[in-house]
Amino acid sequence: MLEPSHNNELPAIPGKRYFTIGEVADLCAVKAHVLRYWEQEFPQLSPVKRRGNRRYYQRADVITIRQIRSLLYDQGYTIGGAKQKLSSTEVKDDTSQYKQLIRQMITELEDVLEVLNTPSR
């Protein structure tokens, strides 16, 4: 599976539509220059570029970046190996992205429930 247990240690992905490169770097525990490099290497990554060539990543991009990070850092793949793994599993393992999204949503809903159940002062 593409998402290891280490991804559970990464911060929850906020419920926003777009994220800046700095936010994504924090969410995925990698530096911004690494994200720019991965954009060149992985065709799956294509953030929206707005004025001034500023990058805006969507939730799916953040999940893909976490998968790439997992392949490279946790599972020990090379860039080439990670490319192959992502492209070969892209069609059949789209469900892994959805599973990760569902886990993320469950975590966020549990946080909301906890806030709602906390007695107000």
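These figures come from a predicted structure and were not determined experimentally. Each chain carries its own residue numbering, running from 1 in the direction its sequence is written. Two thresholds apply to this predicted model, a pLDDT of at least 70 for residue-level local features and 80 or more for giving and counting side-chain atom pairs, whereas whole-chain, interface and lining totals are computed over all residues. The basis for the side-chain values is all heavy atoms of the structure; hydrogens and waters are excluded.

Caption draft 1: Seen up close, the packing of aromatic side chains. In this scheme Phe, Tyr and Trp rings, the latter by its six-membered ring, pair at centre separations within 6.5 Å, and the angle between planes marks the pair as stacked below 30 degrees, edge-to-face above 60, and tilted otherwise. All chains considered together, the criterion is met by one aromatic pair. Ring centres 6.0 Å apart and planes at 55° place the aromatic pair Trp38 and Tyr73 in the tilted group. Taken together, the positions of Trp38 in helix α2 (residues 32-41) and Tyr73 in helix α3 (residues 59-74) put the pair 35 residues apart, joining distant regions of the chain. Classification of Tyr73 by relative accessible area gives partly exposed; the value is 46%. Each helix is a run of DSSP H or I of at least 4 residues and each strand a run of E of at least 2, with the numbering of both proceeding from the N terminus. Using a 1.4 Å probe on the protein chains alone, a residue whose accessible area is under 20% of its type maximum counts as buried, one over 50% counts as exposed, and one in between counts as partly exposed.

Caption draft 2: Molecular detail of helix α1 (residues 21-28). Along α1, the residues classified as buried are Ile21, Val24, Ala25, Leu27 and Cys28. The arc that holds the buried residues of α1, viewed along the axis, is 165°, so those residues lie on one side. Along its buried surface, α1 packs onto β1 (19-20), α2, β3 (54-57) and α3. Once α1 ends, the next one or two residues include Ala29, with phi positive near 60°. The reported arc concerns the directions from the helix axis to the C-beta atoms and nothing else. The contact definition used throughout considers only heavy atoms, calling two residues in contact when any of these lie within 4.5 Å.

Caption draft 3: Main features of the pattern of salt bridges. Whenever a carboxyl oxygen of Asp or Glu lies within 4 Å of a side-chain nitrogen of Lys or Arg, that contact is scored as a salt bridge. On inspection of all chains with the given rule, the structure shows four salt bridges. With a closest N to O distance of 2.7 Å, Glu23 and Lys16 form a salt bridge. Overall, the relative accessible area of 29% leaves Glu23 in the partly exposed class. Under the relative-accessibility criterion, Lys16 is labelled partly exposed at 36%. Of the charged contacts, one joins Lys83 and Glu41 as a salt bridge, the two residues approaching to 3.1 Å between their closest N and O atoms. Placement of the pair is Lys83 in helix α4 (residues 79-89) and Glu41 in helix α2, with a sequence separation of 42 residues. With a relative accessible area of 31%, Lys83 lands in the partly exposed category. For Glu41, a relative accessible area of 21% translates into the label partly exposed.

Caption draft 4: Representation of the sheet that holds β3 in the model. In this scheme, strands are said to pair when DSSP sees at least two bridges between them. Taken together, the three strands give an open sheet; going across it, the order is β1-β3-β2, and neighbouring strands pair in antiparallel fashion. Two strands lie at the open edges of the sheet, namely β1 and β2 (48-50), each paired on one side alone. The sheet contact formed by β1 and β3 spans two bridges and is antiparallel. Along β3, the bridge assignment pairs Phe19 with Tyr57.

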